[in-house]
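Structure at a glance
In case you want the letters, here they are:
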Amino acid sequence: MPPHLSADRPAAQPPGRGSVDALISQARRLKGDVDAVRRDTQSDGSDPQERWQRALCDLALHQLDDLDEHLGQLRDGPPPSPAATPPAPERDSLLSGVGSAEWNLLTDEASWSGELFQILGRDPAAAPLTLDELPSVVLDEDRRRLTAMVTDCLVDAKPIDGEFRIVRPDGEARTVHMMGEPVLDSDGSTSSMWAVLRDVSELRRSQRAVSETRDSLQRHRAHTEHRLAVELQEAVLPPWRGSLRLPHRGPQTLDLAARCLRSSTSAMIGGDWYDALELADGDTLLSVGDLTGHGVAVASGMAALLGAVRGMAMAGTQPGQLMSWLNQLLDATVQPALGSAVCCRYRPDTRTLTWAQAGHPAPLLFRDGTGRRLNAPDGVLLGATPGAVYAQAEETLEVGDLLVLHTDGLVPGHSAADSVNLLLDLGPRLGETDTAQDCVRLVVDEFGESEREGDACVLVARVTY
C-alpha cells in the first residue's frame, strides 16, 4: 500500500528495536503481576465482588496478551507479502485482527491488507470493496454512522474514529473500530482516504461482561445495605406494634399508637424515628425526629441519637437541655450530620407536657374535634450551630386530648404550612375516633397511599386519665 501521509506532514520514523523490546519486557512483567492478583482472587463464584474482580483481571490479561502480540508485530515489521492470508486469529483474543485500507478518490480504486479481508470474512482473491460498496456489509442501524464519518473525512478533512458493526458472509456480526485520515495532494485537496480497522468484538463482549458483573455487584450491595438498614431500624424503634398504654402500672393515662411510612420512590431507608418510653419517675417520653440522608450509616446514626435521647430522658434531663446535648453529640461526630427532633416529657399527675424542638414541626393538639399547632419554643437544627441553646415550653392537657407528633413528609406533595393545615382539617374526624390506633389508621388512610420521596413517622397520644 502507498504510504498514508498528508502532503504537508513528514513520515514518522519507526521506533528502534531496542526500545520496543523494552516495552515488551515491561508488558510481560505487568502481565505476571496481574496474573498473581488474579490467582489471589480465586473463589467459588458465590461472592459478586470477587466475580467482578476476577472479570477485571481476565480483561486486563487479555488486553496485555494483545499488547504483547502487537508490540511483537511492531518490532518484527510488516510481513514479507502483504497479500498473503494471515493466520486465523484466536477466538478468545480481545483484538482479533488489525487491517488497513486505502481508497483512491481519483481512480475509485481500493487497496486492502490481507488482515482486513480476514476481519470482514471476505475472500482475499476478491476485489476490495469501494467506499460506495462498504456500507453493504454494515448493519442497517450503523450505516448512517459510517456514512457520516466518511463524509466528514472526505469533505471536511476530519479524522475518522468510530465503531460500527458488520455482518460477515456466514452471518456472524462483528464490531469494528475504524481510525483514518484523508490524504491530501499538493494543492491541499483530498486525493484518497486511508484507515486502520480493528476487530474489537471480543473486547466489547468482555467489557460488557465486566459492566454486567459490576452492575450485579452494585445491586447486591444496595440490597444488602437496604436489608441491614431495615433490620437496624426495626431493632431500634420501639418493639411494640399497634397500640400501647402507659404507664404499665397503675392508671393508664396515655393511649399510644405510631406508624412509620416508607418512601415510594427510594429503596433506601431514611433516619426517621418515633419513640414512647415510660421513665423512672413515672413521666412518659414522647419523641419523633429525622436524621438527614439515607442508608446504613444514617440508620446507625439514628440508632445512636435515639439511644442518647432515651438515656438522657431516663436520667431526668429536661427536653431543652436534652436537645442541647444532642446538638453537641451530632456536632462531635466524625461524619457531620443534621437532624431535627421534637422531645416531650408528659407528667400524668398534673397532665403537663414539657417539650422542646430542634428545627422540627411542632406537635398538633386536638381537643373536642378542633386542632391547633402548639407554639414552638426556639430551637435550630441539630448539628447546625455549635453551642446552641434550646428553649422549652409547657402545655396543660385534658382528658380526651389528642396529641399528634410527626416528621416532615407525612403529607407528601405539599409545603410544611399546607401539610399542617391538611392535618388540622382532620380534627372533626379524629374527634370521632375511640383509640389512638384509630387515629393513626385515619391519617394513614388519608395520606399513606400517596407517593412520597422520603420516609415519615407519625405518633399519636390520647390522654385517657
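Residues numbered from 1 in each chain as written. Predicted model: local features only at pLDDT ≥ 70, side-chain atom pairs only at ≥ 80, totals over all residues. Heavy atoms only, no water.

1. Things to note about helix H10 (residues 436–447)
For H10, which comprises 12 residues, the first-to-last C-alpha distance of 17 Å matches the rise-based estimate of 16 Å (1.5 Å per residue) to within 8%. Looking at H10, one finds that the buried residues are Ala-436, Gln-437, Cys-439, Val-440, Leu-442, Val-443, Val-444 and Phe-447. On its buried face, H10 sits against strand E6 (243–246), strand E7 (254–261), strand E15 (402–406), helix H8 (416–424), helix H9 (427–431) and strand E16 (456–463). (Helix = DSSP H or I, 4+ residues; strand = E, 2+ residues; numbered from the N terminus. Expected span 1.5 Å × (residues − 1). Buried < 20%, exposed > 50% of the residue type's maximum accessible area, 1.4 Å probe, protein only. Contact = heavy atoms within 4.5 Å.)

2. Concerning empty space enclosed by the protein
A full pass over the atoms with the stated rule returns 1 cavity of 30 Å³ or more. Looking at the largest cavity, its volume works out to about 30 Å³. Forming the walls of the largest cavity are Leu-254, Leu-286, Tyr-346, Leu-353, Leu-397, Leu-403, Ala-461 and Val-463. Residue classes in the lining of the largest cavity are distributed as 8 nonpolar, no polar and no charged. (1 Å grid on protein atoms, 1.4 Å probe; cavity = no way out; pocket = protein on both sides within 12 Å on 5 of 7 lines; lining within 4 Å. Points joined across faces, edges and corners; volume = space filled by probe spheres on them. Nonpolar A, V, L, I, M, F, W, Y, C, P; charged D, E, K, R; others polar.)

3. Considerations on the layout of surface pockets
The space that makes up the second largest pocket amounts to roughly 260 Å³. Taken together, 21 residues line the second largest pocket, and the ones lying closest to its centre are Pro-361, Arg-373, Asp-408, Ala-416 and Val-420. When residues in the lining of the second largest pocket are grouped by element, the largest group, 4 residues, is from H8. Looking at side-chain class alone, the lining of the second largest pocket contains 10 nonpolar, 9 polar and 2 charged residues.

4. Quick notes on the sheet that holds strand E5 (residues 190–199)
One open sheet accounts for 5 strands, arranged E2-E1-E5-E4-E3; its pairing is antiparallel. Every interior strand has two partners, whereas the edge strands, strand E2 (109–112) and strand E3 (160–167), have only one. On average, each strand axis in the sheet is tilted by 25 degrees relative to the strand beside it, whichever way the strands run. Across the sheet, helix H4 (residues 140–156) lies against E3, strand E4 (173–184) and E5, angled at about 145 degrees from E3, the strand it touches most. (Pairing = 2+ DSSP bridges. Axes fitted to C-alpha atoms, helices over the stretch in contact; angles between N-to-C directions.)

5. Observations concerning the environment of Gly-32
Along the polypeptide, Gly-32 turns up in helix H1 (residues 17–40). Taking the C-alpha atoms as reference, Gly-32 lies 8.9 Å from Leu-61; in sequence the two are 29 residues apart.

6. Some points on the pairing of E4
Each regular strand displays side chains that alternate between the two surfaces of the sheet. Strand direction decides the pairing type here: E3 and E4, joined by 8 bridges, are antiparallel. Along E4, the bridge assignment pairs Arg-165 with Thr-175. From the end of E3 to the start of E4, which pair antiparallel, there are 5 residues, and Gly-171 there has a positive phi angle of about 90 degrees. One ladder, built from 9 bridges, connects E4 with E5; its direction is antiparallel. What sits directly across from Val-183, in E5, is Ser-192.

7. Digging into the pattern of salt bridges
Per the stated rule, a full pass over the model turns up 23 salt bridges. Close ionic contact of Glu-172 with Arg-174 constitutes a salt bridge, the shortest N to O distance being 3.1 Å. Classification of Arg-174 as buried rests on a relative accessible area of 1%. Residues Glu-202 and Arg-174 are paired through a salt bridge, measuring 3.5 Å at the closest nitrogen-oxygen approach. Taken together, the residues span a long stretch of sequence, with Glu-202 in helix H5 (residues 201–236) and Arg-174 in strand E4 at a distance of 28 residues. The same class applies to Glu-202 as to Arg-174, namely buried. (Salt bridge = Lys/Arg side-chain N within 4 Å of Asp/Glu carboxyl O.)

8. Details of the packing of helix H6 (residues 296–314) against helix H7 (residues 319–331)
The N-to-C vectors of H6 and H7 enclose an angle of 145 degrees; their axes lie 10 Å apart at closest approach. For the pair H6 and H7, the sense of crossing is right-handed. Between H6 and H7, the residues in contact are Leu-305, Ala-308, Val-309, Met-312 and Ala-313 and Leu-322, Trp-325, Leu-326, Leu-329 and Leu-330, respectively. Along the lines of polarity and charge, the residues of the contact of H6 with H7 split into 10 nonpolar, no polar and no charged. (Left-handed = near helix turned anticlockwise from the far one by under 90°.)

9. Side note on H4
Its 17 residues give H4 an end-to-end C-alpha distance of 25 Å, which sits within 8% of 24 Å, the value for a rise of 1.5 Å per residue. Looking at H4, one finds that the buried residues are Asp-142, Leu-146, Met-149, Val-150 and Cys-153. Looking down the long axis of H4, one finds its buried residues gathered within 90 degrees of arc, a one-sided arrangement. Residues Asp-140, Glu-141, Arg-144 and Val-155 are exposed on H4 and point more than 90 degrees away from its buried face. Of the surrounding elements, those touching the buried residues of H4 are E3, E4 and E5. A positive backbone phi angle near 60 degrees is found at Ala-157, which sits one or two residues after H4. (Arc of directions from axis to C-beta.)

Take it as geometry only, folks, not as evidence of what the structure does.
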